[in-house]
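These are the residues of each chain, in order.
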Amino acid sequence: MKTEKHDRRSERTRRLLGDALTSLMLERRYVDLTVQDILDRANIGRSTFYAHYWDKEDLLTSQLEGMLAALIQHMQNTPIAHDALLPSLGLVRHVQEYYPVYLAQVRSSGMDPVFRIFHRRLCEYAEERLRLWGCSPGISVTMTAQAAVGA
């Protein structure tokens, strides 16, 4: 994403573009969408779009980063048992809050990179938790985290 401004107009523009992308992905495959489709749905001019994003992939990446930040926040704010690796309540709340976006991603083809990013971030979170617990020598923290997240 290009330089991120935090004024209300910029935030509104980014929200409109993100909402437009999500709604279009519910209707059509991501690979079939064009920047013009997004602009038409958001009722935003081309120069405004390019003031915020490089291309549609940059917009998608920005949306994903926002979702990932919210996911980590949900997990960190959810009290979990000492022996729980991932806070399932935090995950469920996050999916509920971002349901339209998840639905759009699942329905759109070519979203393997999205799932890889989510898997990687969840593994990083699980590894943090495992390190806090102090794993036994000889146990691979990375492999344990990947197995838990994959399950």
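Above this text is the structure in question.
Treat the numbers as computed from the prediction; the structure is a model and nothing was measured.

K.L.:
What should I look at first to understand the environment of Tyr53 in this one?
P.N.:
By the secondary structure assignment, Tyr53 is in the loop between α3 (46–52) and α4 (56–77). Under the relative-accessibility criterion, Tyr53 is labelled buried at 0%. Those residues in contact with Tyr53 that lie beyond four places of it in its chain are Met1, Lys2, Arg14, Leu17, Asp58, Leu59 and Ser62.

K.L.:
Any chance you could explain the packing of helix α1 (residues 8–27) against helix α2 (residues 35–42) here in plain terms?
P.N.:
For any two helices packed against each other, the geometry is given by the interaxial angle and the distance between the axes. Their axes nearest at 8 Å, the elements α1 and α2 cross at an angle of 115°. When the interaxial angle is binned, α1 and α2 end up roughly perpendicular. α1 and α2 meet at a crossing whose hand is right-handed. When α1 is examined against α2, the residues Leu16, Leu17, Ala20, Leu21, Ser23, Leu24 and Glu27 are found in contact with a partner set consisting of Asp37, Ile38, Leu39, Arg41 and Ala42.

K.L.:
How should the pattern of salt bridges be read in this particular structure?
P.N.:
Enumeration over the complete set of coordinates arrives at seven salt bridges. The shortest N-O distance in the salt bridge between Asp37 and Arg28 comes to 2.6 Å. For Asp37, a relative accessible area of 21% corresponds to the partly exposed category. Taking the relative accessible area as the measure of exposure, Arg28 reaches 33% and is therefore partly exposed.

Calculation rules
- Residues numbered from 1 in each chain as written.
- Predicted model: local features only at pLDDT ≥ 70, side-chain atom pairs only at ≥ 80, totals over all residues.
- Heavy atoms only, no water.
- Helix = DSSP H or I, 4+ residues; strand = E, 2+ residues; numbered from the N terminus.
- Buried < 20%, exposed > 50% of the residue type's maximum accessible area, 1.4 Å probe, protein only.
- Contact = heavy atoms within 4.5 Å.
- Axes fitted to C-alpha atoms, helices over the stretch in contact; angles between N-to-C directions.
- Parallel < 35°, antiparallel > 145°, perpendicular 65-115°, else oblique.
- Left-handed = near helix turned anticlockwise from the far one by under 90°.
- Salt bridge = Lys/Arg side-chain N within 4 Å of Asp/Glu carboxyl O.

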